[in-house]
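Structural description and commentary
Spelled out, the chains give:
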Amino acid sequence: MELQIEYIPTGEIIRVVSQNGECKTAAGSDGIRLTMESALTARDRVGVQDFVLLENFTSEAAFIENLRKRFKENLIYTYIGSVLVSVNPYKDLEIYSRQHMERYRGVSFYEVSPHLYAIADNSYRSLRIERKDQCILISGESGAGKTEATKKILQYYAVTCPASDQVETVKDRLLQSNPVLEAFGNAKTLRNDNSSRFGKYMDVQFDYKGAPVGGHILNYLLEKSRVVHQNHGERNFHIFYQLLEGGEDDLLRRLGLEKNPQQYHYLVKGQCARVSSINDKNDWKVVRRALSVINFNDNEVEDLLSIVASVLHLGNVQFAANEQGNAQVTTENQIKYLARLLGVEGSVLREALIHKTIIAKGEELVSPLNLEQAAYARDALAKAVYGRTFSWLVNKINKSLAYKGAECPGWRSATVLGLLDIYGFEVFQHNSFEQFCINYCNEKLQQLFIELTLKSEQEEYESEGIAWEPVQYFNNKIICDLVEEKFKGIISILDEECLRPGDATDMTFLEKLEETVKDHPHFLTHKLADQKTRKSLGREEFRLLHYAGEVTYSVTGFLDKNNDLLFRNLKETMCSSENPIINNCFERTELTDKKRPETAATQFKNSLSKLMEILMSKEPSYIRCIKPNDAKQAGRFDEVLIRHQVKYLGLMENLRVRRAGFAYRRKYEIFLQRYKSLCSETWPTWEGRPHDGVAVLVKHLGYKQEEYKMGRTKIFIRFPKTLFATEDALEIRKQSLATKIQATWRGFYWRQKFLHMKHSAITIQSWWRGTQGRRKAAKKKWAVETIRRFIKGFIYRNYPRCSENEYFLDYIRYSFLMNLKRNLPKNVLDKSWPTPPPSLCEVSQLLRQLCMQNMVWSYCKRISPEWKQQLDQKVVASEMFKGKKDNYPQSVPRLFINTRLGTEEINPKVLQVLGNETIKVRLCVL
């Protein structure tokens, strides 16, 4: 039987196909796993699974071409060493089933094809075995699939980790926290229908059994400005539309809302309230169910939705100017709804929206607001209410995820695995304060990434006893310092402008930047640029040269967004709220605290610093997400867009660092097991140490000294071409072995087939002979028994019926009846009758009579009236002439003839005697 090894790209499995069409899949724990090396035979068609194995690793074109090949074959995952690069396919792939989860569960990282589950399982096993905290960092542009990757990882742990009733509750809450956070923190943007507008770091706590028993979430930089403004083609946060579309009529009536989103100013700025690809009604059901799972009671849900509704009503509050130019509220109906939903007095809220309180020299001074200031106060309140409610929501989820078990009372008493789902580098046509913070975050993450990558590489080299060679790379610390350095950094200058007395504006901030950091090589403004560059820079813009490229920021709104101020009287109003959530979000200590609150940029810098400390304390894994096109179309590969992301994600820099030393490294046992067939001394088995076996093997293969190094537990190969040559030699060896194996297999197969058929024939023959013998013996036994009973019955035939003669008597009776059936009389004149046995004489007589009566009855039934008349006449004639006339017997068969005599033929005297009587004359020819 011929065997053929076939490579199947989708899912990256190997299939063994026999000539008769039988197929066995060699993947997972049931067969031969497809290792990175085994996929090299198909590298020309589907690319390499690890970019480290690219021959031309410095070429960005080669990098992108490898991505294209794999994307075309639906292979969306590729490694750069231990870093996973993921390309969003924009379609469902059958690679996330329970079967796939089991395939990656407990399997060595390089023994299976690249997958999200491989990263998840590797981190989990490191956490269990080494008892060291882990973290998985997921980054990429909006729409690249970061949120989906986080969900898939959580689902993997929910399915593969040990379970109990308590653990199942935690798993459900971890999974159900996602739709709630997505509803309140995600929105449709131009690039993504479900874009996360906040950064999220989630810790999952595991007990000593490896079961998830708790969790904790940190959120970063919610895009609060989206509450009051959206760009064209974008929407506000999902929860607003879900509430209007899916909320019950009674709920909407209590909240004072209508189903039509066009009625609310905060929902129409982007002019796309309804989107065909988003089902808000179904999403609302998911969110309501998730809220109950994460321990929200009905009152808390009502309070939360009241706040959501209050934001919509705030957006509909309108102002008009009085004669003095001061703002006045013109929509009293909205104030009534707000007062009821927020639990405040309507008159107090109205006054707070059109006045501001200033404390000067210990005295409160109240001044009216103009239209622009009133609109700013309204929007600031909406953003503050929503932003603080989002933080409260995260804290509420954290309380439901907190582990309260007796075995492990403290949060840090067990191992932790962190998941960081954070915005990637953003470059838009118009970049503002939010993009500045996001890109600063990515600079810090890139700095951490390079440091940890180099650190892990250096640690591996040192542990293996191989000399470390310094790697040249771009150190982006210079950019991080430009942003965060104390007193001289952009954030410090921005805070200084926000705090200084006088008329500070966005332009004075830009001027201060130009004065302070004008000599920095990564900073540029219109004033500092040369004549040619000025054409691409506005006077209100500055440009930073990030690690990923140039980004131009507009300073418009920087001061307002950084201050994030809420007038004191609005804070006082919110502090008096009877809504428990609002009351919790606005503490009265804010009113008595004389210390100025930290600015938004400083808060973000401090939280980012804490995040870096958290990540540095853990063993990191990386997932870099890429979106293939802006149109969200399956199968479309936009090379320009992807090159942009490869650059901004620092993938080429990462590859260069990884390839600065040795491209390939494997433990001796694994390397020897794969390539031992290439050397006669190591094939088929090597009895000594794996280290010695590999040394013999590489000497036989002719490796040059500069091509490899022997570590303590691993072999390090510097160049991919060395590995490719080895793999090609292995492929030739496989073909040679396959030919020999097939020849041996044919002989073995047909020999086994012959022996099997011989054994089958002998088995069938023995079975059939046994069956025939048993049947023959049974028949003989039955015959003997029958004869014995017959003879015994014959002896007792004249006795009364008993067990000894009943068989014989039954047989005699049956024989007589069957003989009688065959010899019954044919008509009434047939007097024959079989002679009965003595025991049936009486019965025979009765049967004979019954038979005769039946024949007579049947005969009579068939007689016609004319024939009956003839017989009646014959009976009369018989009584008259039988025995009295000699020729009577001869006349019996002859029939009587009917006739009538006419009156003219009868003697008149006879007629006279008869009178009127009818004369009948019957003549019989005798």
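Rules behind the numbers
Throughout this description, residue numbers start from 1 for each chain and increase along the sequence as written. Confidence filtering applies because this is a predicted model: local features only for residues at pLDDT of at least 70, side-chain atom pairs given and counted only at 80 or more, and all residues used for totals across whole chains, interfaces and linings. Hydrogens and water are ignored here; the side-chain numbers use all heavy atoms of the structure. A run of H or I in DSSP becomes a helix once it reaches four residues, and a run of E becomes a strand once it reaches two; helices and strands are each numbered from the N terminus. Put simply, the radius of gyration uses C-alpha atoms, and a globule should come to 2.2 Å times the residue count raised to 0.38. Relative accessibility thresholds used throughout: buried, under 20% of the residue-type maximum; exposed, over 50%; partly exposed, between the two (1.4 Å probe, protein chains only). A contact between two residues is defined here by any heavy atoms of the two lying within 4.5 Å. In this tally, Asp and Glu contribute negative charge and Lys and Arg positive charge; neither His nor the terminal groups of the chain are included. Every charge is mapped to an atom, namely NZ of Lys, CZ of Arg, CG of Asp or CD of Glu. UniProt positions are given in the numbering used here, feature names are shortened, and annotations may be inferred rather than shown by experiment. Any pair of nitrogen or oxygen atoms within 3.5 Å is treated as a polar contact; in protein, a donor-acceptor pairing is required on top of that, and neighbouring residues in sequence qualify only through side-chain atoms on both sides. Strands pair, by our definition, only if DSSP identifies at least two bridges between them. To define axes, lines are fitted to C-alpha atoms, for helices over the stretch in contact only, and angles between the resulting N-to-C directions are given on a 0 to 180 degree scale. The span one expects for a helix is its residue count, reduced by one, times 1.5 Å. The directions from the helix axis to the C-beta atoms form the arc being described. Buried Ala, Val, Leu, Ile, Met, Phe, Trp, Tyr and Cys residues that are joined via side-chain atoms within 4.5 Å together make up what is termed a nonpolar core. Salt bridge, as applied in this entry: a Lys or Arg side-chain nitrogen positioned within 4 Å of an Asp or Glu carboxyl oxygen. Each patch groups residues whose relative accessible area exceeds 30% and which form no salt bridge, using 9 Å between like charges and 5 Å between nonpolar side chains of Val, Leu, Ile, Met, Phe, Trp and Tyr. Each accessible area is a Shrake-Rupley result for a 1.4 Å probe, and residues are judged covered by the shown protein chains and nothing else. Points on a 1 Å grid over protein atoms alone make up a cavity when a 1.4 Å probe fits among them but cannot get out, and a pocket when they form an open set with protein on both sides within 12 Å along at least five of seven lines; lining residues each have an atom within 4 Å of a point. Grid points are joined across faces, edges and corners, and a volume is the space filled by probe spheres set on the points. Polar here means any residue outside two lists: the nonpolar Ala, Val, Leu, Ile, Met, Phe, Trp, Tyr, Cys and Pro, and the charged Asp, Glu, Lys and Arg; Gly therefore counts as polar. Note on terminology: angles under 35 degrees are roughly parallel, angles over 145 are roughly antiparallel, angles of 65 to 115 are roughly perpendicular, and the others are oblique.

**What to know about the overall build of the chain**
Check the secondary structure of the chain and you find 33 helices and 24 strands. Radius of gyration (C-alpha) of the chain: 52 Å, far over the 29 Å computed for a compact globule of 926 residues. Summarising its shape, the C-alpha atoms of the chain cover approximately 175 × 95 × 60 Å along the three principal directions. The proportion of buried residues among the 926 residues of the chain is 48%. Considering only intrachain contacts with a sequence separation of at least 6, the fraction spanning at least 24 residues in the chain is 65%. Seen as two clouds, the 134 positive and the 113 negative side-chain charges of the chain have centres 13 Å apart.

**Overview of the UniProt feature "binding site: ATP" (unreviewed entry) in the chain**
Under the feature "binding site: ATP" (unreviewed entry), the UniProt entry names Gly-140, Glu-141, Ser-142, Gly-143, Ala-144, Gly-145, Lys-146 and Thr-147. Locating Ser-142 in the fold gives a position in the loop between strand E6 (134–140) and helix H5 (146–160). The contact partners of Ser-142, leaving out residues within four places of it in the chain, are Thr-189, Arg-191, Asn-192, Ser-195, Arg-197 and Lys-627. A polar contact is formed between the side chain of Ser-142 and the side chain of Ser-195, at a distance of 2.8 Å. When residues no more than four places from it in sequence are discounted, the contact partners of Gly-143 are Asn-88, Tyr-90, Arg-191, Asn-192 and Lys-627.

**So, the sheet that holds strand E18 (residues 549–554)**
Pairing is antiparallel across the open sheet formed by 3 strands, whose spatial order is E16-E17-E18. Of all strands in the sheet, those with a lone pairing partner are strand E16 (523–525) and E18, marking the two edges. When strand polarity is set aside, the average angle formed by the axes of neighbouring strands in this sheet is 25°. Sheet topology note: the E16/strand E17 (residues 541–546) ladder contains 3 bridges and is antiparallel. Across the sheet, residue Phe-523 finds its bridge partner in E17, namely Leu-544.

**What about helix H27 (residues 690–701)?**
Count 3.6 residues to each turn of an α-helix, and residues three or four apart come out pointing the same way. For H27, built from 12 residues, the straight-helix expectation of 16 Å at 1.5 Å per residue is met to within 8% by its first-to-last C-alpha distance of 16 Å. Of the positions making up H27, those classed as buried are Gly-693, Val-694, Leu-697 and Val-698. The arc that holds every buried residue of H27, seen down its axis, measures 125°, which confines them to one face. Buried residues in H27 make contact with helix H26 (668–675), strand E21 (708–710) and strand E22 (714–717).

**Description of the nonpolar core**
Core analysis: the biggest nonpolar cluster contains 113 residues, and Tyr-157, Phe-184 and Phe-240 have the highest contact counts within it. Here the element with the most residues in this core is helix H13 (residues 371–401); it accounts for 14 residues. By size, the runner-up hydrophobic cluster in this structure holds 92 residues, among which are Val-52, Val-87, Tyr-423 and Phe-425.

**Some thoughts on the pattern of salt bridges**
Applying the stated criterion across every chain, the model contains 45 salt bridges. Among the ionic pairs, Asp-121 bridges to Arg-125, the shortest N-O distance being 2.7 Å. Pair noted here: Asp-121 and Arg-125 are both in helix H4 (residues 116–130), with a separation of 4 residues, about one helical turn. On the basis of relative accessible area, Asp-121 is assigned to the buried category, the value being 2%. Among the salt bridges present, the one from Asp-250 reaches Arg-253, with a minimum N-O distance of 2.8 Å. Of this pair, Asp-250 and Arg-253 both sit in helix H8 (residues 249–255), separated by 3 residues, roughly a single helical turn. We classify Asp-250 as partly exposed; its relative accessible area is 40%. In this structure Arg-253 comes out as exposed when scored by relative accessible area, which is 57%.

**Re a positive patch on the surface**
Side chains of Lys-259, Lys-281, Lys-285 and Arg-289 sit close together on the surface and give a patch of like positive charge. Summarising the element assignment, Lys-259 is placed in the loop between H8 and helix H9 (280–293).

**What about empty space enclosed by the protein?**
Within the structure shown, the criterion is met by 10 cavities of 30 Å³ or more. For the lining of the second largest cavity, the secondary-structure elements that each account for two or more residues are E6 and helix H14 (433–463). In terms of residue class, the lining of the second largest cavity is made up of 7 nonpolar, 3 polar and 1 charged.

**Here we look at the sheet that holds strand E15 (residues 415–421)**
One open sheet holds the 7 strands; their spatial order is E4-E5-E19-E6-E15-E9-E10, and the pairing between them is mixed. This sheet does not close on itself; its edge strands, each paired only once, are strand E4 (77–80) and strand E10 (212–220). Neighbouring strand axes in the sheet, compared pairwise and without regard to direction, differ in orientation by 20° on average. One ladder, built from 7 bridges, connects strand E9 (residues 199–206) with E15; its direction is antiparallel. Bridging from a neighbouring strand, Tyr-201 pairs with Leu-420 of E15. Across the sheet, H5 lies against E6, E9, E15 and strand E19 (619–626), angled at about 150° from E6, the strand it touches most. Of the strands in this sheet, E4, strand E5 (83–87) and E19 are in contact with helix H25 (residues 651–659), which crosses E4 at around 50°.

**Notes on the packing of helix H6 (residues 165–185) against H13**
Their axes nearest at 10 Å, the elements H6 and H13 cross at an angle of 175°. Taken together, the axes of H6 and H13 lie roughly antiparallel to each other. Each of Val-170, Arg-173, Leu-174, Ser-177, Val-180, Leu-181, Ala-183, Phe-184 and Gly-185 in H6 lies in contact with H13, whose residues at this interface are Tyr-386, Phe-390, Leu-393, Val-394, Ile-397, Ser-400 and Leu-401. Considered class by class, the residues forming the contact of H6 with H13 number 12 nonpolar, 3 polar and 1 charged.

**Side note on the side chain of Gln-334**
For Gln-334, the location among the structural elements is in helix H11 (residues 332–342). By relative accessible area, Gln-334 is classed as buried at 14%. Apart from residues lying up to four places away in sequence, Gln-334 is in contact with His-313, Asn-316 and Val-317.

**Structural notes on a nonpolar patch on the surface**
On the surface, Ile-787, Ile-791, Phe-794, Ile-795, Tyr-796 and Tyr-799 cluster together into a nonpolar patch covering about 620 Å² of accessible area. Within the secondary structure, Tyr-796 is located in the loop between helix H28 (720–795) and helix H29 (806–822).

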